[in-house]
Structure formats: structure tokens, C-alpha cells
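Summary of the model geometry
Read off the chains here:
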Amino acid sequence: KPKGTPRIYSWEDVSPFVRQTSISTRALAIICYKYIFCLHNILDLVIRYLVPNRAKILFVGINPHFGSYAKGVPFSNNKTFWYNLSKAGIIKEPVSLLKSDKELKRFYYTKFEKYGLGFTNLVDRPSRDVSQLIKGEEGKGVRRLCQIVKRKKPKIVCFIGRITYQKFTGANNFKFGFQKQKLFDSKVFVARFPIRGPSAIRIRELRKINRETGRYV
């Protein structure tokens, strides 16, 4: 582990011990774990969400992977999302630069918003994958996103992955692409998750979103 990188404790770290203890001890352990995790978030919230006023595109993820959380940049554990943004022409930084953790972090915190782009998650807590999320855990993030969109007025809200949009709306009957229903005055796009599947399809989706932002004045 690189020096200075915060230790991210997950339920997997403590659950083997907890399962072997009494019910009362287990309850106490769960409470302590949740308290420690909340304190960790307060003292060291590693990923900062960036949402400029009237952004061209506000990207919405489900929650960070442990690796991305520790690096302080969304989708930095697997950088395909950033490579696709570059290949789609949404950002000008070359893929070769984005491969560097240091350069990607510098870009995210100094230039990302200047492109008229924003990012937030529905769930702040990191996990290995979405199967580890607790049912209803996204509730706070759903309310927060509604407040952000109402106040910041992005042109397009892009939900990254089908599960993200399902968690936000509770709906299952929808297709990838632009949705008929807006979120306040913002158009809504549901994009495929960047990591699994052919990049060419994801890049076409991003180009479609980018073309749509050019229709706004």
C-alpha cells in the first residue's frame, strides 16, 4: 500500500470475527463498524464530487470501488470511463496522459469542471461491487441528486449503468439512451457501464450525448 493511502476497512475485514461471537457482541461490532466508517468519511472523504452550475453533462455513478475511493478519483481503479471520454471527444486529454494516476487526479480536480462536466454518486460508501450495497442505501443520494439537479440545472444528467438508474427511479422497464421523462428541466440519458462490454458502443453513446449538448444555447 502506498505511503499515505488511507486504509479502507470493509465488512469482509471484520465479518469472520463477528460471526463467531454472541448476538450481543455481534450487534455491538456492527454498531462500532458503522460508527468507524462514518467517522472515516467525515475526516477523510477521499472523492470530492464536482458539479458546476449549468454543466453540459452531469455524470451519476452508483458508488465507488475501493481502489477509486483510495485514489480520490471516480472510475480510477479501472480507467476505461476516462479513456472513453477522451475517445468520444468530450475531453481533449489523450489516453496516454489519463493512464497516470497522478495526471488523472490533477485533471479531475483542475480541468474536469472547465469542460462543463460534473460527477456525483448515489452512494458514497465504497464497495467491491454493487452486490455489497444495502437495499435502500441509495435513498440519501437520490434526494441529494434531485437537489443538485434542481439547483445546478445541468443540461444532461447521464446515469452510468442500468443499476444506477434503477436505484434512482425504482423502474425496470427502460432502455439505454435518452429517456422520455426529464429530471426537472434536464434531459436524462442512461449509459452502459464502461467496464464490461465493447468500448465502441460506450464511445458512440458518449458522442451522442456530446452532440446533444451542442444543441443548447
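Because the structure is a prediction, the values reported are computed rather than measured.

**With respect to the overall build of the protein chain**
In terms of helices and strands, the protein chain carries 9 helices and 5 strands. Going from the N terminus to the C terminus, the protein chain shows its helices and strands as α-α-β-α-α-α-α-β-α-β-α-β-β-α. The buried share among the 217 residues of the protein chain stands at 46%. Here the analysis covers contacts within the protein chain between residues at least 6 apart in sequence; of these, 68% occur between residues at least 24 apart.

**Some details on empty space enclosed by the protein**
Once rolled over the atoms, a probe with the size of a water molecule shows which space is left empty. Going through the model one piece at a time under the given rule, you end up with 1 cavity of 30 Å³ or more. By volume, the largest cavity is sized at about 80 Å³. Around the largest cavity sit Phe59, Phe81, Asn84, Cys158, Ile160, Ala191, Arg192, Pro194, Arg202, Glu205 and Leu206, which together line it. Elements supplying a minimum of two residues to the lining of the largest cavity: α4 (80–87), β3 (156–160) and α9 (199–213). Looking at the lining of the largest cavity residue by residue, the classes come out as 7 nonpolar, 1 polar and 3 charged.

**Here we look at the sheet that holds strand β5 (residues 187–191)**
The sheet built from 5 strands is open, its strands ordered β2-β1-β3-β5-β4 with mixed pairing. Among the strands making up the open sheet, the edge pair consists of β2 (117–121) and β4 (177–178). By the bridge criterion, 4 bridges tie strand β1 (residues 57–61) to β3 in an arrangement that is parallel. Looking at β3, one finds that Leu58 is bridged to Val157.

**Points about the nonpolar core**
The biggest cluster of nonpolar side chains holds 28 residues, and the ones touching the most others in it are Phe59, Trp82, Leu85 and Phe112. By residue number, the principal contributor to this core is α4, which donates 4 residues. Residues in contact with Phe59, not counting those within four places in the same chain, are Phe81, Leu85, Phe112, Leu117, Gly118, Phe119, Thr120, Cys158, Ile160 and Leu206. Listed in part, the 19 residues of the second largest apolar core include Val51, Ile62, Val142 and Phe159.

**Observations concerning the packing of aromatic side chains**
In this structure the tally under the stated criterion is 16 aromatic pairs. Judged by centre distance (6.1 Å) and plane angle (85°), the rings of Phe75 and Phe119 are edge-to-face. Of the two residues, Phe75 sits in the loop between α3 (66–71) and α4 while Phe119 sits in strand β2, which places them 44 residues apart along the sequence. Of the residues examined, Phe75 reaches a relative accessible area of 13% and is grouped as buried. Given the relative accessible area of 1%, Phe119 is considered buried. Ring plane angle 80° and centroid distance 5.1 Å describe the contact between Phe81 and Trp82, whose orientation is recorded as edge-to-face. For Phe81, a relative accessible area of 4% gives the class buried.

**A look at unusual backbone geometry**
The general pattern is negative phi for most residues beyond glycine and trans for most peptide bonds. Backbone geometry at Lys153 places phi at a positive 55°, although glycine is not the residue there. For Lys153, the position within the fold is in the loop between α7 (139–152) and β3. Look at Phe184: it is not a glycine, yet its phi comes out positive at around 60°. By the element assignment, Phe184 lies in the loop between β4 and β5. Take Phe184: its relative accessible area is 42%, and that puts it in the partly exposed class.

**Concerning the pattern of salt bridges**
Tallying each qualifying case throughout the model produces 9 salt bridges. Note that Asp124 is salt-bridged to Arg144, the shortest N-O span being 3.0 Å. Here Asp124 is found in the loop between β2 and α7, whereas its partner Arg144 is found in helix α7, with 20 residues between them in sequence. Look at Asp124 and you get partly exposed, because its relative accessible area is 24%. Residue Arg144 is classed as partly exposed on the basis of its relative accessible area of 21%. Put simply, Arg125 and Glu137 hold a salt bridge, and the shortest N to O gap is 2.6 Å. Pair noted here: Arg125 is in the loop between β2 and α7 and Glu137 is in the loop between β2 and α7, with a separation of 12 residues, a long-range link. Taking relative accessible area as the criterion, Arg125 reaches 17% and is therefore assigned buried. One network of salt bridges, with partners in common, ties together Lys71, Lys79 and Asp101.

Criteria and thresholds
Residues numbered from 1 in each chain as written. Predicted model: local features only at pLDDT ≥ 70, side-chain atom pairs only at ≥ 80, totals over all residues. Heavy atoms only, no water. Helix = DSSP H or I, 4+ residues; strand = E, 2+ residues; numbered from the N terminus. Buried < 20%, exposed > 50% of the residue type's maximum accessible area, 1.4 Å probe, protein only. Contact = heavy atoms within 4.5 Å. 1 Å grid on protein atoms, 1.4 Å probe; cavity = no way out; pocket = protein on both sides within 12 Å on 5 of 7 lines; lining within 4 Å. Points joined across faces, edges and corners; volume = space filled by probe spheres on them. Nonpolar A, V, L, I, M, F, W, Y, C, P; charged D, E, K, R; others polar. Pairing = 2+ DSSP bridges. Core = buried A, V, L, I, M, F, W, Y, C linked by side-chain atoms within 4.5 Å. Phe/Tyr/Trp six-rings, centres within 6.5 Å; stacked < 30°, edge-to-face > 60°. Salt bridge = Lys/Arg side-chain N within 4 Å of Asp/Glu carboxyl O.

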